[in-house]
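So the chains spell out like this:
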Amino acid sequence: AAVVADVENFHLKLAAQNGGDGSADELGIVARAEYKVGEGAKQREGALGAEGFDATFGLGYFQDRGMGNEFEAYIADAYATYEQFSLHAELVDMGGDLAAMTVGNAGGESATPYSATLGFRINNEFELAVRYQDLDDTNDTTQIGGGFNYYIAGHAAKWQVNVSQFDNDA
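Structural notes, computed from the coordinates. (Residues numbered from 1 in each chain as written. Predicted model: local features only at pLDDT ≥ 70, side-chain atom pairs only at ≥ 80, totals over all residues. Heavy atoms only, no water.)

1. What about the environment of V92?
Selection rule: Helix and strand assignments follow DSSP, with helices taken as H or I runs no shorter than four residues and strands as E runs no shorter than two, numbered in order from the N terminus. Relative accessible area decides the class of each residue, using a 1.4 Å probe on protein chains only: under 20% of the type maximum gives buried, over 50% gives exposed, and in between gives partly exposed. Throughout, a residue-residue contact means that at least one pair of heavy atoms, one from each residue, lies within 4.5 Å.
By secondary structure assignment, the location of V92 is in strand β6 (residues 85-94). On the basis of relative accessibility, which here comes to 23%, the residue V92 falls in the partly exposed class. Separated by 52 residues in the primary sequence, V92 and G40 have C-alpha atoms spaced 21 Å apart. Leave out the neighbours within four places in its chain, and V92 touches A73, Y74, I75, A111, T112 and P113.

Set out below in structure tokens:
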């Protein structure tokens, strides 16, 4: 069951569904609230088509309990464009069971992975971007990347070239 509501610049979602415990009685819960500035974020990264300032700021919650696990996470994200600039950032604070499954943390250690991407659209054909990611795992995994987009027909047809440096203690 889910409830979705739009109230002026706010978009709200709440869903309860059969969780990962199969036919047992625990439910999976997902909640999300977004606040949109201007037109809000587009359904893609980058500043192609951006005019003025548009942004979406979001908060989320996830919970699924059962089968001896307690999966729980809190999420914050922001996506904004201003003229030829774009910014996309995400942060997830997750408990030990979810961190063990998603980033490989052992011993019940929680994790707070995050990423941030900054883009610059040179013109309507070329765009550059850099991204930093930290998995907050037991191996101290980080990734730094750079990218170049060449738009042939907007997002319908484009070439992308990306390079990244992956680093961890293992």
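On we go from here.
2. Quick look at the environment of H11
Basically, it comes down to this: Counting of polar contacts relies on pairs of N or O atoms within 3.5 Å, with two restrictions inside protein: one atom must be capable of donating a hydrogen and the other of accepting it, and residues adjacent in sequence are counted only when both atoms are side-chain atoms.
Counting through the fold element by element, H11 comes out in strand β2 (residues 10-18). Residue H11 is classed as buried on the basis of its relative accessible area, which comes to 12%. Separated by 152 residues in sequence, H11 and V163 have C-alpha atoms that sit 35 Å apart. Each residue touching H11, except ones within four places of it in the same chain, is listed here: V4, A5, D6, R32, A33 and E34. Within polar-contact distance, the side chain of H11 engages the side chain of D6 at 2.5 Å.

3. Concerning the layout of surface pockets
The condition is simple: Lining residues are those with an atom within 4 Å of a point, where the points come from a 1 Å grid over the protein atoms alone and group into cavities, where a 1.4 Å probe fits but cannot get out, or pockets, open sets with protein on both sides within 12 Å along at least five of seven lines. Grid points are joined across faces, edges and corners, and a volume is the space filled by probe spheres set on the points. Three residue categories are used. Nonpolar comprises Ala, Val, Leu, Ile, Met, Phe, Trp, Tyr, Cys and Pro, charged comprises Asp, Glu, Lys and Arg, and polar comprises the others, including Gly.
In this model, the largest pocket occupies a volume close to 420 Å³. Surrounding the largest pocket, 28 residues form its lining, E45, T117, A129, R131 and N162 being those nearest its centre. At the level of secondary structure, the elements contributing two or more residues to the lining of the largest pocket comprise β6, β7 (114-121), β8 (126-134), β9 (142-151) and β10 (158-167). It is β9 that contributes the most residues to the lining of the largest pocket, 7 residues altogether. Grouping the amino acids of the lining of the largest pocket by side-chain chemistry returns 8 nonpolar, 15 polar and 5 charged. In this structure, the second largest pocket encloses a volume near 330 Å³. Lining the second largest pocket are 17 residues, with R32, E34, A41, K42 and T56 sitting closest to its centre. Residue assignment for the lining of the second largest pocket shows that the elements contributing at least two residues are β2, β3 (27-37), β5 (69-82) and β6. Residue contributions to the lining of the second largest pocket peak at 4 residues, all from β5. Across the lining of the second largest pocket, the residue classes tally to 4 nonpolar, 4 polar and 9 charged.

4. Quick notes on the pairing of β10
To keep things clear, this is the line we draw: For two strands to be treated as a pair, DSSP must find no fewer than two bridges joining them.
Of all 10 residues that make up β10, 0 are buried, and the element is exposed over most of its length. The sheet contact formed by β9 and β10 spans 10 bridges and is antiparallel. Residue pairing in the sheet places T142 in a bridge with D167 of β10. Hairpin connection between β9 and β10: a loop of 6 residues separates the two successive antiparallel strands, and G154 in this loop has a positive phi of roughly 60°.

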